[in-house]
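Commentary on secondary and tertiary structure
Here's the letter readout for the chains.
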Amino acid sequence: MSDTQAPPAEPAVEKPKRNWRTFVLGVCIALAAASGAAHAQGTHQVQALKITVLVTNLAGNARGGDGEWGYSALVEASGRKILYDTGSSPDMVLKNARALRVDLSDVEEVVLSHNHGDHVAGLMTLRREFAKANPKAFSRAHVAARIFEPRLNAGGDDQNGLRDIRAEYLATGGTFIVHDKPAELLPGLWLTGPVPRPHPEKNWSPGLSLRVANTLIEDNVPEDSALVIATGEGIVILTGCGHAGIVNIAEYARAIVSGKPLLAVMGGIHLFAATDQAVQWTGARLKDFGLKTLLAGHCTGIEATYILREAARLDRKTALVSTVGSSFTLGRGITSGALAQ
Ligand SMILES: [Zn+2]
Ligand SMILES: [Zn+2]
């Protein structure tokens, strides 16, 4: 199947291109996850890395973009760009990127962390806007298995955030690449695919159902997936809502790329409604993993971020509430927005 054009009748998805290495690693990781053992797998490292937040709930500068309930961040790694999530309003990523003078015109790969509308709604605006000059712009969307499954509310209506966007995107020649296991998108930069959940963190909002074998079960957002980036200083994790649970994600990240300490966790961790006890447990586990930097945004919750900061033994320079325009750079750490130090 072509990367940029999908046939009209059965256009849904492209299976990821696998080489022997990816396949072997995938098998090894599945076995590692099944046995509970974590073995070093990926060997590549990203040498240069900057992650800039384009959408999150808070904005600290009227000329530097607006905040909204949603998430998006631009990853620049080893000379390549990947957009992770696309915000909640159709044009918020585009507006904020322009306000921040962030160039998205050469972005061809996008990752959608899960189906929720506050992470996928900007996809079509970005595809249409930048495809005018570059047909490959935003033409490849990486997602995890099961992302397209209907999410049924009490009335039986499908609330999947990609329900309408999927067909629109395919009609533009865009392609979805569906991952059912970890995939190395760039040397040293991995998408987890679905994350094993040995810890019952349950960091999702209840109310929707999945239909499995004609039975309705709670929608635990099974496709929720994060970026895992191996660097010489440790592992960087970027997560959209963290519905899989950040401790589950961190353990899986260490199985994928190594047992190295966590250099940084960025993004939404969906702890805003969690008990203090649950947040303290999470922070303590992150401390055990050697967490050095936390730039928590979106659904993490502001109070929860401060509890995490204390539990992980971080401080005002190393653990912040993320704002639009805040960033993490390898070798430099966090550059904050105007708020929340
Ligand atoms: Zn979500
Ligand atoms: Zn969200």
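All figures in this text were calculated on a predicted structure; none of them were measured in a lab. (Residues numbered from 1 in each chain as written. Chains lettered and ligands numbered in written order. Predicted model: local features only at pLDDT ≥ 70, side-chain atom pairs only at ≥ 80, totals over all residues. Heavy atoms only, no water.)

Observations concerning the overall build of the chain
The test is simple: By definition, any uninterrupted DSSP run of H or I lasting at least four residues is a helix, any uninterrupted run of E lasting at least two residues is a strand, and each is numbered from the N terminus. With a 1.4 Å probe rolled over the protein chains alone, any residue whose accessible area is under 20% of its type maximum counts as buried; one over 50% counts as exposed, and the rest are partly exposed. Contact definition: two residues touch when any of their heavy atoms are within 4.5 Å. Per-residue and other accessible areas were derived by the Shrake-Rupley procedure at a 1.4 Å probe size, with only the shown protein chains allowed to occlude residues.
Secondary structure summary: the chain contains eight helices and 17 strands in total. The buried share among the 341 residues of the chain stands at 55%. Long-range pairs, those at least 24 residues apart, make up 73% of the contacts in the chain with a sequence separation of at least 6. Roughly 14000 Å² of accessible area belongs to the chain as shown, and the carbon and sulfur atoms make up 53% of that amount.

A closer look at the side chain of Ser 72
Rules: Pairs of N or O atoms within 3.5 Å make up the polar contacts considered here, provided that, within protein, one atom can donate a hydrogen while the other can accept it, and that residues adjacent in sequence are counted only when both atoms are side-chain atoms.
Residue placement: Ser 72 occurs in strand β2 (residues 72–77). Among the polar contacts made by the side chain of Ser 72, one reaches the main-chain carbonyl oxygen of Asp 85 at a distance of 2.7 Å. Each residue touching Ser 72, except ones within four places of it in the same chain, is listed here: Thr 52, Val 53, Leu 54, Val 55, Leu 83, Tyr 84, Asp 85, Thr 86, Gly 87 and Val 93.

Topic: the packing of aromatic side chains
In plain terms, the rule: Aromatic rings from Phe, Tyr and Trp, with only the six-membered ring used for Trp, were paired whenever their centres fell within 6.5 Å, and each pair was classed as stacked if the ring planes differed by under 30 degrees, edge-to-face if by over 60, and tilted otherwise. Here, a charge over a ring means that NZ of Lys or CZ of Arg falls within 6 Å of the ring centre while also lying within 35 degrees of the ring normal.
Summed over the entire model, instances satisfying the criterion amount to four aromatic pairs. Three or more aromatic residues joined by ring pairs form one cluster here, namely Phe 148, Tyr 169 and Phe 176. Here Arg 166 stacks its cationic end above the ring of Phe 148, 4.0 Å away from the centre of that ring.

Examining the coordination of the zinc ion (ligand 1)
Spelled out, the test is: Counted as coordinating are nitrogen, oxygen and sulfur atoms within 2.8 Å of the metal, or 3.2 Å for Na, K and Ca, while water is not included, which may make sites look incomplete.
Within the protein, the zinc ion (ligand 1) binds to His 114 (NE2), His 116 (ND1) and His 243 (NE2); these donor distances fall in the range 2.1 Å. Of note, the zinc ion (ligand 1) draws all its donor residues from one chain, in the sequence arrangement H-x1-H-x126-H. The zinc ion (ligand 2) is placed at 3.6 Å from the zinc ion (ligand 1). For His 114, a relative accessible area of 0% puts it in the buried group.

Things to note about the coordination of the zinc ion (ligand 2)
All of the protein donors around the zinc ion (ligand 2) are Asp 118 (OD), His 119 (NE2), Cys 241 (SG) and His 298 (NE2); their distances to the metal are 2.1 to 2.2 Å. Spacing between the donor residues of the zinc ion (ligand 2) along their common chain follows D-H-x121-C-x56-H.

Some details on the sheet that holds strand β14 (residues 294–297)
Heads up, the rule is: When DSSP finds two or more bridges between a pair of strands, those strands are recorded as paired. Under this scheme, a helix contributes an axis fitted over its contacting stretch, all axes are lines through C-alpha atoms, and angles between N-to-C directions fall in the 0 to 180 degree range.
Strand order in the open sheet formed by seven strands is β7-β8-β11-β12-β13-β14-β15, and the pairing between neighbours is mixed. Each end of this open sheet is capped by a strand with a single partner; those strands are β7 (183–186) and β15 (319–321). Taken over all neighbouring pairs, the strand axes of this sheet differ in orientation by 20° on average, direction set aside. Both strand β8 (residues 189–191) and strand β11 (residues 227–231) contribute to a ladder of three bridges, which runs antiparallel. Across the sheet, residue Trp 190 finds its bridge partner in β11, namely Val 228. Contacts from helix α6 (residues 246–257) reach β8, β11, β12 (234–239) and β13 (262–268), with the element oriented near 135° to β12. Against the sheet, helix α8 (residues 302–311) contacts β14 and β15, and its axis sits at roughly 180° relative to β15.

A word on the environment of Gly 156
Note that Gly 156 resides in the loop between β5 (140–144) and α5 (165–171). On the basis of relative accessibility, which here comes to 44%, the residue Gly 156 falls in the partly exposed class.

Here's the deal with the nonpolar core
It is characteristic of soluble globular proteins that their nonpolar side chains tend to be buried jointly. Quick reminder of the rule: The set of buried Ala, Val, Leu, Ile, Met, Phe, Trp, Tyr and Cys residues whose side-chain atoms join them within 4.5 Å is what this entry labels a nonpolar core.
Counting 60 residues, the largest nonpolar core has Leu 49, Leu 189 and Ile 237 as the members making the most contacts within it. Per-element tally for this core: the top contributor is α6, with eight residues. Sequence-distant contacts of Leu 189, that is, excluding residues within four places in its chain, are made with Val 46, Val 75, Ala 77, Ile 82, Ala 183, Glu 184, Leu 227, Val 228 and Ile 229.

Side note on the confidence of the model for the chain
Under the convention used in this document: Each residue carries a pLDDT score, the predictor's confidence in it, ranging from 0 to 100.
Chain-level statistics for the chain give a pLDDT mean of 89 and a share of 87% at 70 or above. Long-range and interchain partners of residues 15–40, a stretch whose pLDDT sits below 50, account for 35 contacts in this model, where long-range means more than four residues apart.

What about the pattern of salt bridges?
Here is the rule we go by: By definition here, a salt bridge exists when the distance from a side-chain nitrogen of Lys or Arg to a carboxyl oxygen of Asp or Glu is within 4 Å.
For the coordinates displayed, the defined rule picks out twelve salt bridges. For Glu 109, the salt bridge is made with Arg 140, and the minimal N-O distance between the two is 3.4 Å. With Glu 109 in strand β4 (residues 109–111) and Arg 140 in strand β5, this pair connects stretches of sequence that are 31 residues apart. Just as Glu 109 is buried, Arg 140 falls in that class too. Put simply, Asp 219 and Arg 151 hold a salt bridge, and the shortest N to O gap is 3.0 Å. A residue pair is termed long-range when its members are at least 10 positions apart, and Asp 219 in the loop between β10 (215–218) and β11 and Arg 151 in the loop between β5 and α5 qualify at 68 residues. For Arg 151, a relative accessible area of 0% corresponds to the buried category.

A few points about the state of the cysteines
Note the threshold: Our working definition of a disulfide is a cysteine sulfur pair at a distance within 2.5 Å.
Applying the stated rule across the entire model yields zero disulfides. There is no disulfide at Cys 299, and the cysteine sulfur nearest it, in Cys 241, is 3.6 Å away.

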